Each structure stands twice: as structure tokens, then as C-alpha cells.
Amino acid sequence: MVRQVNSVTVTDRRTAPPAESMRGSRGAVRLAGVSKVFGRGSSAVRALDQVSLEVPPGEFTCLIGASGCGKSTLLSLVAGLEQATSGEVSTGGSRVAFMFQEPALFPWLTAAGNVELALRARGLGQAERRQRTAELLETVRLTGFGGKRPHQLSGGMRQRVALARALAQDADVLLMDEPFGALDAMTRDVLHDELDRICAGRALTVLFVTHNVREAVRLGDRVIVLSSRPGRVIAEFDVPIERPRRIDSAPVAELAARVTDRLREEMSRDAG
Amino acid sequence: MPANTPLPVDKSVPGYVEKLTYLESLEAPSDQGRRRLATRVWGGLWPVALAIVIVLAVWQLIHLSGWKSQIFPGPGAVLSNLWDQLQTGLLWHAIATTATRAVLGFGLSVLIGAVIGALVSRIKPLRAAVGSLITGLQTLPSIAWFPFAIILFGISTTAILFVIILGSAPSVANGLIAGVDYTPPLLLKAGKMMGLRRLSLYRYLILPASLPAFVAGLKQGWAFAWRSLMAGELLVIIANQPSLGVLLSTDQDQSDMASATAIIIVILILGVLVDQLFGLADGAIRRRWGLADAS
């Protein structure tokens with residue numbers, strides 16, 4: 001365990017040149033010198049400042065930072081829901097799915113109906129939709145709950161449906177904006193395991209935003225630390241801890257402590 | 001890839017996730033709309049029955065006090081008058097005429113209101129031009145349109161329908177516009193990420209999301225339509241076409257207070273019945289969406 005923690009590398013990649021080989025490859029996410037400014041003139045707020053990062057296909061990357069560091073903005077840019085003020089965002093033509101902090105399920109549809117709508121949007125036929133819906137509900141272990149409406153499900157189950165709906169989009173890149181932030185610790189722990197299991201069976205690139213350091217270390221192949229106002233990449237931590245991981249295991253706790261130290265350092269510099 | 005790869009984490013308890021899912025399902029809100037039908041009907045009926053009893057009692061007391069006793073009938077006289085009229089063909093004929101106009105007028109209002117609402121919510125310049133006009137029309141008492149309508153269409157059913165539409169369509173349009181406007185932005189984001197675009201975005205997201213506001217608009221539109229219709233039938237009296245308004249007007253000419261009151265009761269009951277239908281639709285949507293409070 002000590003060996004693993006020692007092998008953690010801390011690098012400052014703000015100045016790292018983009019790897020040309022990765023450009024345009026499916027499932028890769030690349031941000032080059034991306035800035036995002038909201039508003040204009042004196043009331044303008046710079047949410048992101050010169051953020052450059054590369055996520056290779058199939059990597060699970062966690063973005064962490066204090067509130068106001070533009071984590072969610074970054075995801076919106078990758079999703080194409082907003083446009084960068086300057087810089088370049090590229091997903092190499094990947095299909096991108098988004099999971100929000102709230103489940104954002106359509107309340108007039110059943111759990112199965114929500115999943116099926118994502119399949120319908122892809123143009124799948126009825127027979128295939130029905131079969132895929134059943135499979136996806138099984139994947140998130142909600143077989144038997146397909147007929148329930150969102151309000152009849154608990155918070156954790158709703159997020160499972162949202163995950164199934166995101167998977168239904170058959171995306172190469174999955175963006176997750178604090179998807180478990182509103183759940184209790186036990187439910188979250190179970191969903192971490194589920195997410196591990198589901199990602200293990202798929203070539204899925206994940207960008208996972210959280211403000212929970214332990215969650216980031218528990219889930220990520222890599223943890224990227226952002227500064228606050230404006231958001232900048234200030235550090236990256238590779239997470240060489242073997243899976244299966246536990247959020248309460250010693251290596252996770254040790255690395256989380258180092259990430260937290262880095263965050264504190266940044267915050268105290270802000271204060272000073 | 002196989003969907004159900006075994007859990008990579010040993011949680012020591014077999015079926016840990018299944019158990020948690022089961023526990024979560026217990027925690028999830030239970031169905032509240034599944035109470036027995038009889039209980040629900042009774043729950044809805046007894047306050048109405050109580051209200052009717054109170055009104056009748058107060059009415060009877062006023063009658064007993066002798067206030068305007070020459071012209072003001074008690075509930076007994078009015079109800080027996082109503083009973084008698086229900087045996088004649090005239091009242092039923094009048095109800096049929098009025099109901100037909102109501103269905104036709106309201107139906108056209110819904111059609112026109114929905115088309116206008118859809119266009120205004122979709123086309124930005126149109127909204128700037130017509131948006132406030134619609135609200136203006138909504139606040140304008142529709143009875144003010146009758147001189148205009150009568151000059152334009154004469155003493156005819158068309159004049160009545162015209163005023164119904166002017167009174168009711170704006171509410172329908174506004175209901176739809178409000179529904180489209182208040183489609184939750186988060187759901188819009190989710191829909192766009194899912195790949196819903198243009199028509200499919202409307203069909204699968206915006207229209208269903210605006211359904212509750214649309215139904216509220218329909219309900220309000222109905223109230224305006226019904227009022228406009230009653231005003232119209234009192235002002236636009238067409239010969240040989242008995243309607244509830246004509247019966248009322250005749251009663252006024254003959255100072256037949258018992259009959260006039262009986263007709264008012266009929267109008268009230270019809271209005272309430274239709275309103276109840278909208279209430280049912282609204283309740284069904286709320287239950288479906290999980291917005292219903294325990295009722």
C-alpha cells in the first residue's frame with residue numbers, strides 16, 4: 001500500500017503540450033487553453049481560465065475543486081451545452097452523455113419509459129428498444145421497477161434510472177456532474193461499486209465532477225484539481241490504487257489527504 | 001460486454017445490493033392514488049352535500065322570515081318548479097341547444113388558442129407583437145364584444161360563438177405558452193443531451209412538460225367560455241331556438257322567479273360538472289407526475 005501511495009505523481013500540466021496522437025480519436029476529450037467568461041464589462045465573471053487537459057479514451061477522470069471553480073461549466077462546454085469564450089474543446093466526434101446532480105427524469109414517463117426515450121432518440125426500433133431497456137434496467141439492478149414513475153422511486157433509484165438512461169445513449173464519453181452529491185453515504189457507496197462494475201465492462205471515458213475528495217480518489221484513474229475563481233488546473237494526481245477499491249481503505253484515505261492538502265494550500269493562497 | 005458482471009467488491013453479505021435496493025424501495029413514496037373508489041367518491045361528495053344543505057337552510061330561513069315574500073320563492077317552490085320543468089321537453093331542448101353551443105364554442109377556442117399559443121411560443125417576433133395582446137384580450141370582459149359581434153354577424157349563433165372564442169381562446173393560448181416557457185431547463189438540457197431535436201424535442205419533451213399548464217389554461221378557458229355563452233344567450237335571442245338564456249329571459253319578462261331560479265340552478269350544475277371533469281384530468285396528471293398531495 002505504501003508503495004502505491006509513493007508512486008503517486010503530482011504534475012503541473014498547464015504547460016504540457018497536447019499529445020498529437022490523441023487528437024480526434026474517439027472517446028478522447030481534449031481542452032486546449034479554454035476560457036469561459038460569463039457576462040461582459042465590469043460584471044464579467046471569468047469561470048475558467050486557460051484550462052488545458054487531455055482525457056484519453058477509456059479513462060475515468062475526476063475533477064475536483066472548491067465551489068465556484070467552474071467544474072460544472074467545464075462539463076457544459078464538453079457537452080456542447082455552452083460555448084467556450086476562447087480556446088478549443090474537442091471530443092473527437094464522440095457521442096456524449098450527461099448525468100446531472102438531479103436525476104432530471106421526465107416525470108410523465110415511467111422508469112422504463114425514460115430509458116426507452118433515449119433509445120428512441122437514437123432511432124432504435126420498438127422490439128430492440130424493449131429488449132435494450134430491460135437489459136439496461138438489469139444493469140442498474142432495477143429489474144421489476146420499470147413500471148414505476150420517478151416520484152415512486154427513492155433518490156438512489158432515480159439516479160440509477162438516470163445512469164441507465166445515460167448508458168442507453170451508447171455514448172463514448174460520460175459526463176457526471178456530482179451525480180451522487182444528494183445521496184446518503186451508504187447509497188453512494190453502493191453506487192460507487194455499481195459504477196466501477198459498469199465502467200469495467202465498457203470502453204467509456206468518464207469525466208466525473210465532485211467536491212468530495214475521497215469520492216474522487218475512490219473512483220478515478222486520475223484526479224485533476226482546479227483552483228477557484230477563475231478555474232485553473234493546478235495539479236493532477238494519478239491514482240494507481242488497485243480495484244476493487246473501498247472509500248474507507250488506507251490507500252484511498254492517504255491519497256485523499258494529499259489531494260486535500262493541495263486544495264487547502266490553494267485556498268489559503270486565495271485567502272492571503 | 002455482459003451487463004451483469006459480478007460485483008468486484010466483497011461486501012461480505014450475499015445479495016447486499018439487492019437488499020439495499022429492496023430497502024430503498026420501501027423508503028420510496030408509496031402510491032397515494034390507489035385508495036378505494038368508494039372512499040374517494042364519498043370524500044369528494046360529503047363537503048358538497050354539506051354545502052348544499054347549508055345553502056338550502058339559509059335560503060329557507062330567509063323565506064320564512066317573510067322578506068319579499070310576494071316575489072321571493074322558497075327552496076321548496078323552486079325545486080318543485082325545477083322538477084316540473086324537467087318533465088317537459090322544453091328545458092331539455094334548451095339544455096341541448098346551450099350544450100351544443102358550449103361544446104362547439106369551446107372546441108373552436110381550444111383549437112384556435114392552441115394554434116396561436118404554439119405559434120407565439122415558437123416564433124420570437126410574434127411573441128413580442130402578440131404576447132401582450134393575448135393577455136389584454138384575456139382581461140377584457142368578453143360581453144363588451146357583443147355589440148361588435150351583433151353588428152358583424154347579426155342575431156345569430158355565429159355572433160355567440162365569436163364572443164365565446166374571443167373570451168376563451170386567449171386563456172387556452174396563454175396556458176400553452178406558460179407551459180412551454182416553464183419547461184424546466186434541466187429537463188431541456190437532459191433532452192438535448194439525449195439527442196432530442198426540433199420536432200422530437202417538442203413531441204417528447206416540451207408538449208408533455210407543458211400539459212399541466214395547458215390543462216389549467218383549458219379550465220380557465222372553459223370558465224370564460226361558459227360566461228360568454230350565458231351573456232350571449234341573454235343578449236342574442238334567436239326566435240324558435242330555445243336555450244337556457246332564452247328561458248331565463250322569458251322568465252324575466254313574466255316575472256317568474258321560481259322558474260328563473262330553477263334555470264340558474266341548472267346552469268350552475270352544468271358549469272360545476274364540466275369543471276369537475278377538468279379537476280379529474282388535473283388530478284390524474286398530478287398523480288402521474290407525483291405532484292399530488294394526499295387526497
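Residues numbered from 1 in each chain as written. Chains lettered and ligands numbered in written order. Predicted model: local features only at pLDDT ≥ 70, side-chain atom pairs only at ≥ 80, totals over all residues.

Draft legend 1. Molecular detail of the overall build of chain A. Each helix and strand in chain A was counted, giving 8 helices and 10 strands. Taken across its 272 residues, chain A has 48% of its residues classed as buried. Here the contacts in chain A between residues at least 6 apart in sequence split such that 73% fall between residues at least 24 apart. (Helix = DSSP H or I, 4+ residues; strand = E, 2+ residues; numbered from the N terminus. Buried ≥ 20, exposed ≤ 12 C-beta atoms within 10 Å, placed from the backbone. Contact = placed C-beta atoms within 7 Å.)

Draft legend 2. Region of the structure containing the overall build of chain B. Tallying secondary structure elements over chain B gives 11 helices and 0 strands in all. Counting helices and strands in the order they occur from the N terminus, chain B gives α-α-α-α-α-α-α-α-α-α-α. Across chain B, contacts joining residues at least 24 apart in sequence account for 75% of those joining residues at least 6 apart.

Draft legend 3. Structural context of helix α10 (residues 244-253) of chain B. Of all the positions in α10 of chain B, only L244, G245, V246, L247 and L248 of chain B are classed as buried. The inward-facing, buried residues of α10 of chain B contact α4 (89-122), α9 (198-235) and α11 (257-289) of chain B.

Draft legend 4. Structural context of the sheet that holds strand β2 (residues 29-38) of chain A. Residues and elements named next belong to chain A. Read across the sheet, 3 strands follow the order β3-β2-β5 without closing on themselves; strand pairing throughout is antiparallel. Either end of the sheet is taken by a strand with one partner, and the two such strands are β3 (45-55) and β5 (86-90). Going across the sheet, the axis of each strand differs from the next one's by a mean of 20°, ignoring polarity. Note that β2 and β3 share 7 bridges and pair antiparallel. Each bridged residue has a counterpart across the sheet, and for F38 the counterpart in β3 is V45. (Pairing = 2+ DSSP bridges. Axes fitted to C-alpha atoms, helices over the stretch in contact; angles between N-to-C directions.)

Draft legend 5. Region of the structure containing the pairing of β2 of chain A. All names here are of chain A. Linking β2 to β3, which pair antiparallel, is a turn of 6 residues; within it G39 sits at a positive phi near 75°. Here 4 bridges tie β2 to β5, and the two strands are oriented antiparallel to one another. Bridging from a neighbouring strand, L31 pairs with V89 of β5.

Draft legend 6. Summary view of the pairing of strand β6 (residues 96-99) of chain A. Residue and element names in this part refer to chain A. Taking every second residue as pointing to the same face, both faces of β6 are buried, with V96 and F98 on one and A97 and M99 on the other. In the sheet, β6 pairs with strand β7 (residues 173-177) via 4 bridges, with the strands oriented parallel. Bridged to M99 within β7 is M176.

Draft legend 7. Quick look at the nonpolar core. Ranked by internal contacts, the top residues of the largest apolar core, which has 91 residues, are V115, L174, L175, V223 and V259 of chain A. Ranked by residue count, the leading element in this core is helix α5 (residues 155-168) of chain A, at 8 residues. If sequence neighbours within four positions are ignored, L175 of chain A has contacts with L75, V78, A79, V96, F98, M99 and L207 of chain A. Within the second largest apolar cluster, 32 residues are counted, among which are F106, A159, F162 and I164 of chain B. (Core = buried A, V, L, I, M, F, W, Y, C linked by C-beta atoms within 7 Å.)

Draft legend 8. Quick peek at α11 of chain B. Residues and elements named next belong to chain B. With 33 residues, α11 ought to run about 48 Å at 1.5 Å a step, and its terminal C-alpha atoms sit 47 Å apart, in line with that. Here α11 has its buried residues at A258, S259, A260, A262 and I263. Once α11 finishes, G290 follows within two positions and takes phi at roughly 75°, a positive value. (Expected span 1.5 Å × (residues − 1).)

Draft legend 9. Quick look at the packing of helix α3 (residues 111-121) of chain A against helix α4 (residues 126-139) of chain A. All names here are of chain A. Packing of α3 against α4 leaves a shortest axis separation of 9 Å and a crossing angle of 125°. The angle between α3 and α4 falls in the class oblique. Once α3 is placed against α4, the crossing between them reads as right-handed. Mapping the contact onto sequence places A112, V115, E116, L119 and R120 in α3 and R129, R132, T133, L136 and L137 in α4. Partitioning the contact of α3 with α4 into residue classes produces 5 nonpolar, 1 polar and 4 charged. (Parallel < 35°, antiparallel > 145°, perpendicular 65-115°, else oblique. Left-handed = near helix turned anticlockwise from the far one by under 90°. Nonpolar A, V, L, I, M, F, W, Y, C, P; charged D, E, K, R; others polar.)

Draft legend 10. Region of the structure containing the packing of helix α5 (residues 124-139) of chain B against helix α7 (residues 157-181) of chain B. All names here are of chain B. Relative orientation of the contacting elements α5 and α7 amounts to 135°, with a least axis distance of 8 Å. Classed by the angle they form, the pair α5 and α7 counts as oblique. In this structure, α5 crosses over α7, and the sense of that crossing is left-handed. Contacts between α5 and α7 involve I134, T135, L137 and Q138 from the former and L166, P170, S171, A173 and N174 from the latter. Considered class by class, the residues forming the contact of α5 with α7 number 5 nonpolar, 4 polar and no charged.

Draft legend 11. Representation of the confidence of the model for chain B within the structure. All names here are of chain B. Of all residues in chain B, 87% have pLDDT values of 70 or greater, and the mean over the chain is 86. Confidence, read as mean pLDDT per element, is least for helix α1 (residues 16-27) in chain B (64) and greatest for helix α6 (residues 146-153) (95). Taken together, the stretch residues 1-13 has pLDDT below 50 and engages in 22 contacts with residues farther than four places along the chain or on a different chain. Both scores are available for the predicted complex, with the pTM at 0.78 and the ipTM at 0.84. (pLDDT = per-residue confidence, 0-100.)

Draft legend 12. The environment of R202 of chain A, seen in detail. Residue and element names in this part refer to chain A. On the secondary structure map, R202 appears in the loop between α6 (185-200) and β8 (205-210). By the C-beta count within 10 Å, which is 17 here, R202 ends up partly exposed. Sequence separation between R202 and A168 is 34 residues; the distance between their C-alpha atoms is 13 Å.

Draft legend 13. Molecular detail of the environment of P103 of chain A. Residue and element names in this part refer to chain A. Counting through the fold element by element, P103 comes out in the loop between β6 and α3. In sequence terms P103 and L31 are 72 residues apart; their C-alpha atoms lie 27 Å from each other. Excluding its chain neighbours within four sequence positions, the residues that come into contact with P103 are P150, R158, Q159, V161 and A162.

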